[in-house]
Amino acid sequence: MKKIIAVDGPAGAGKSTVSKICAARLGYTYIDTGAMYRAVALNNLELGIGNEELTEDFIKNIEIKLDEAARVFLNGREVTKEIRTPEVSRGASDVAKLGFVRKKLTELQREMARQGKVIMDGRDIGTQVLPNADLKIFLTATVEERARRRFEELKAKNFPADFAQIKKEIALRDKQDSEREIAPLAQAEDAILLDSTDLTIEQVAEKILELAK
Ligand code: DC
């Protein structure tokens, strides 16, 4: 059985939903690295700090924790829900460009994966964070389909949602995450490409579980 599984891909491809299912079935820990970038972005927004004012020292003193239930804590306060707003999504993609932010979070992520039996999702897990992962998946779907999924998700939660706006924001994040200089969103050479456009969540999870055997 593969002990360390890396799942990368663009926003809304289904990485977190599928990774959670696989982690539960395998008895592994799920680690959502996007949530960590989101926590840094939330902290910035709450304190009114822009990217240009962020310093390495400041970042060093922020405490970010994920628990077994994938709840997210920022300086000891639970922020699981607060980090899911569109404003934080944008902020996370911005803050993810900074080398010293990536360095701190990458160290934390490697530490979290050290005990094995983990499934970690993000943008640079297979390429930078865990290049020796036993199984690497690159999960994609068309921008249209990813926007549709996010739209349905927001509607189900009774959040206001505008399909065209969501699609625009996803396309912008794709561009920003793929074109940044440090650790851009990219498929590792040894990653297996899974296109989830025409697959259900269950079908994608089944494929990953089969590959994990
Ligand atoms: O997966 P997500 O949408 O929660 O991620 C939020 C942002 O964080 C995403 O736009 C890019 C950044 N990110 C990253 O740069 N590297 C990761 N390993 C995970 C997320």
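Residues numbered from 1 in each chain as written. Predicted model: local features only at pLDDT ≥ 70, side-chain atom pairs only at ≥ 80, totals over all residues. Heavy atoms only, no water.

1. Some remarks on the environment of glutamine 165
Step number 1: By secondary structure assignment, the location of glutamine 165 is in helix α8 (residues 163-179).
Step number 2: Assessed through its relative accessible area of 36%, glutamine 165 is described here as partly exposed.
Step number 3: Separated by 18 residues in the primary sequence, glutamine 165 and alanine 147 place their C-alpha atoms 9.0 Å from one another. (Helix = DSSP H or I, 4+ residues; strand = E, 2+ residues; numbered from the N terminus. Buried < 20%, exposed > 50% of the residue type's maximum accessible area, 1.4 Å probe, protein only.)

2. Thoughts on the site of the ligand
Step number 1: Looking at the ligand, there are 16 residues lining it, with Arg38, Arg102, Arg123, Asp124 and Asp177 nearest.
Step number 2: Here an oxygen atom of the ligand sits 2.8 Å away from a polar atom, N or O, in the side chain of arginine 123.
Step number 3: Take arginine 173: an N or O atom from its side chain is 2.9 Å from an oxygen atom of the ligand.
Step number 4: Taking 450 Å² as the accessible area of the ligand by itself, protein coverage stands at 96%.
Step number 5: Elements with a contribution of two residues or more to the shell around the ligand: α2 (33-47), α4 (86-95) and α8.
Step number 6: Top contributing element to the shell around the ligand by residue count: α2, with four residues.
Step number 7: Counted by class, the shell around the ligand contains four nonpolar, four polar and eight charged residues. (Near = heavy atom within 4 Å. Polar contact = N/O pair within 3.5 Å; in protein donor to acceptor, adjacent residues only side chain to side chain. Areas by Shrake-Rupley, 256 points an atom, 1.4 Å probe, with all protein chains shown as cover. Nonpolar A, V, L, I, M, F, W, Y, C, P; charged D, E, K, R; others polar.)

3. Let's talk about the packing of aromatic side chains
Step number 1: Counted under the stated rule, the structure contains one aromatic pair.
Step number 2: Judged by centre distance (6.1 Å) and plane angle (90 degrees), the rings of phenylalanine 151 and phenylalanine 163 are edge-to-face. Of this pair, phenylalanine 151 sits in helix α7 (residues 143-156) while phenylalanine 163 sits in helix α8, and the two are 12 residues apart along the sequence.
Step number 3: Looking at phenylalanine 163, the relative accessible area reads 27%, which means it is partly exposed. (Phe/Tyr/Trp six-rings, centres within 6.5 Å; stacked < 30°, edge-to-face > 60°.)

4. Describing the environment of lysine 207
Step number 1: Position of lysine 207 relative to the elements: it lies in helix α9 (residues 201-212).
Step number 2: The exposure class of lysine 207 is partly exposed, given its relative accessible area of 39%.
Step number 3: Distance from lysine 207 to alanine 188, taken between C-alpha atoms, is 18 Å for residues 19 residues apart in sequence.
Step number 4: Setting aside residues no more than four positions away along its own chain, lysine 207 makes contact with Leu194 and Leu199. (Contact = heavy atoms within 4.5 Å.)

5. A closer look at the sheet that holds strand β6 (residues 118-122)
Step number 1: Strand order across the open sheet formed by five strands is β2-β6-β1-β7-β8, with parallel pairing between neighbours. Each edge of the open sheet carries a strand with a single partner, namely β2 (29-32) and β8 (192-195). Adjacent strand axes in the sheet meet at a mean angle of 20 degrees when their direction is disregarded.
Step number 2: Relative to strand β7 (residues 135-140), strand β1 (residues 4-8) is paired through four bridges, and the arrangement is parallel. From the neighbouring strand, aspartate 8 faces β7, where its bridge partner is phenylalanine 138.
Step number 3: The sheet contacts of helix α1 (residues 15-26) involve β1, β2, β6 and β7, and relative to β6 the element is tilted by about 180 degrees.
Step number 4: Where α9 meets the sheet, it contacts β1, β7 and β8, and its direction lies at approximately 165 degrees from that of β7. (Pairing = 2+ DSSP bridges. Axes fitted to C-alpha atoms, helices over the stretch in contact; angles between N-to-C directions.)

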